[in-house]
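Residues per chain, in single letters:
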Amino acid sequence: MKADIGVTGLAVMGANLARNFARNGYTVALHNRSRARTDALVAEHGSEGTFIPTETLAELVENLAVPRRVLIMVKAGQPVDDVIDQLVPMLAPGDIVIDAGNSHYEDTRRREAALAAKDLHFVGIGVSGGEEGALNGPAIMPGGPKESYEALGPLLEDISAHYEGDPCCAWIGTDGAGHFVKMVHNGIEYADMQVIGEAYDLLRSVGGIEPADQAGIFRSWNSTDLASYLIEITAEVLGHVDAKTGKPLVDVIVDQAGQKGTGRWTAISGLDLGSPIGAIAESVFARSLSSQPEIRATAQQVLAAGTDPVTAPQDADREAFVEDVRLALYASKLVSYAQGLDMLTAAAAEYGWSLDLGTIASLWRDGCIIRADLLDVIMKAFGGRDTSRHPEPGTTAEGQPSNLLFAPEFRDAIAAALPAWRRVVATAVAAGVPVPVFSSALSYYDGLRRDRLPAALTQGLRDYFGAHTYRRTDREGTFHTLWSGDRTEVEA
Ligand code: 6PG
């Protein structure tokens with residue numbers, strides 16, 4: 001018997017994906033650099049399906065049905081290249097190599113081109129949902145050549161999460177498109193967590209609401225248009241008491257946020273593409289700032305002249321404040337989604353991908369970390385899921401909003417939230433509570449809507465010191481003022 005798929009790299013994500021395939025009736029060949037993990041998986045979970053444990057990559061490949069499908073789940077970077085280098089000589093044209101790790105999309109583009117030259121398919125797939133998702137149904141964002149989806153798509157769709165019967169998996173686009181979309185998912189994930197953090201900080205520092213009570217507030221928010229996995233688990237974390245100290249766990253955890261790099265990649269990519277993704281970038285910077293303990297400690301001494309202590313609002317006001325914060329969170333969250341999706345449009349143009357935003361939003365409705373009721377609304381705002389991409393890719397539906405914020409339901413929701421959003425940002429600024437994403441998202445919104453931006457002055461200054469020229473509002477052409485001469489204007 002040959003296996004339907006081989007999995008190499010059996011740390012928890014790889015092992016869980018392998019088990020997920022097996023539980024869905026696929027025969028799975030297993031390989032790990034050290035045999036012990038393979039044996040442990042078979043010993044503990046062998047009864048879940050049919051596994052073929054193997055000792056070497058060559059043995060793994062020998063045990064695969066044609067076209068061979070080999071899924072690599074090793075640390076992103078050089079380890080992926082190392083496995084590919086070993087695999088390639090053993091494969092035949094038409095075989096499919098799948099990288100399910102959080103690889104950088106440029107690496108995926110390079111690897112795809114190298115394998116295509118050898119008539120092999122290389123498919124970078126974004127997988128979201130953590131360990132639990134990998135086992136029970138993640139959101140899957142596959143890129144790579146679209147022909148590969150015929151042989152691979154059905155397996156991936158079977159193991160993916162399902163939202164009202166739709167698999168949270170669909171072909172995204174060629175080469176690195178899947179990993180790019182997963183990267184942006186993670187950028188949005190950073191912003192989602194940061195806006196939750198800002199809300200928590202405000203409710204505590206300004207509202208005087210302790211974590212245990214906030215747990216109840218977040219739980220109730222989970223029945224509003226904020227309903228999402230991250231809001232749900234925020235209630236869990238805030239409600240958790242540390243067994244050792246009896247304090248809220250959140251007070252015992254060191255306040256320095258880690259990062260593995262995908263948020264940073266999103267910010268860098270946004271800069272490269274000229275996409276204004278300030279809310280996402282600010283959420284990365286917020287983690288960076290938190291992780292500078294020395295300078296923070298120094299600042300607390302040197303910059304001690306702070307703001308006046310804030311008096312917590314009285315009960316009736318507190319309720320209004322909590323609702324204001326909820327609305328500010330929602331509006332800021334919408335902006336970060338708008339920015340992330342806008343960046344996908346920019347990347348599609350840059351890399352020649354035909355990304356369908358409705359389909360992408362549909363994949364994020366379940367299984368992934370940013371899963372939220374909102375994503376179903378976003379999917380519909382972009383004209384729904386493009387079923388022509390399943391399994392064949394389709395073209396972008398006509399009439400999609402060119403920015404999420406222009407979709408009537410979101411335009412109106414933000415307009416309704418706007419007064420509260422401004423009050424919250426103003427309160428935070430007055431109280432000295434940092435709200436980098438609440439405020440940057442609001443500035444993006446105001447920046448988009450503003451009739452005249454000070455960019456005109458920037459252009460004037462650039463022309464003054466560097467003769468960088470400017471365009472005029474009343475005439476075609478490019479102009480320069482002779483700043484160091486008689487200050488007449490010349491056509492450049
Ligand atoms: C997911 C997560 C997953 C992982 C992140 C965490 O979608 O399942 O995004 O990929 O948890 O890599 O990233 P940071 O360590 O950078 O927060």
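The rules behind the values
Residues numbered from 1 in each chain as written. Predicted model: local features only at pLDDT ≥ 70, side-chain atom pairs only at ≥ 80, totals over all residues. Near = placed C-beta within 6 Å. Helix = DSSP H or I, 4+ residues; strand = E, 2+ residues; numbered from the N terminus. Nonpolar A, V, L, I, M, F, W, Y, C, P; charged D, E, K, R; others polar. Domains from an automatic or database assignment. Contact = placed C-beta atoms within 7 Å. Buried ≥ 20, exposed ≤ 12 C-beta atoms within 10 Å, placed from the backbone. Pairing = 2+ DSSP bridges. Right-handed = clockwise from strand over helix to strand, strands pointing away.

### Here we look at the site of the ligand
Item 1. Near the ligand you find 13 residues, and of these Ser128, Gly130, Gln259, Lys260 and Ile369 are the closest.
Item 2. Breaking the shell around the ligand down by element, the ones donating at least two residues are helix 8 (177-205) and helix 12 (262-273).
Item 3. Looking at the shell around the ligand residue by residue, the classes come out as two nonpolar, nine polar and two charged.
Item 4. Both domains that furnish three or more residues to the shell around the ligand are identified here as domain 1 (5-177) and domain 2 (182-349 + 370-380 + 392-448).

### Some details on the domain arrangement of the protein
By a widely used convention, the size of an interface equals the accessible area lost when the partners come together.
Item 1. We note that the domain assignment places domain 1 (5-177), domain 2 (182-349 + 370-380 + 392-448) and domain 3 (455-491) within the protein.
Item 2. Between the C-alpha centres of domain 1 and domain 2 the distance comes to 33 Å.
Item 3. Counting from both sides, the interface comprises eight residues of domain 1 and, opposite them, six residues of domain 2.
Item 4. The residue inventory of the side of domain 1 that touches domain 2, partitioned by class, reads three nonpolar, four polar and one charged.

### Some thoughts on the pairing of strand 1 (residues 5-8)
Item 1. Because side chains alternate across strand 1, one face comprises the buried residues Ile5 and Val7, and the other comprises Gly6 and Thr8, equally buried.
Item 2. The pairing of strand 1 with strand 2 (residues 28-31) spans four bridges and is classified as parallel. Directly across from Thr8, in strand 2, lies its bridge partner His31.
Item 3. The parallel pair strand 1 and strand 2 is bridged by helix 1 (residues 12-23), and the resulting crossover is right-handed.
Item 4. Where strand 1 lies against strand 4 (residues 69-72), three bridges are found, and the strand directions are parallel. By the bridge assignment for strand 4, Thr8 is matched with Ile72.

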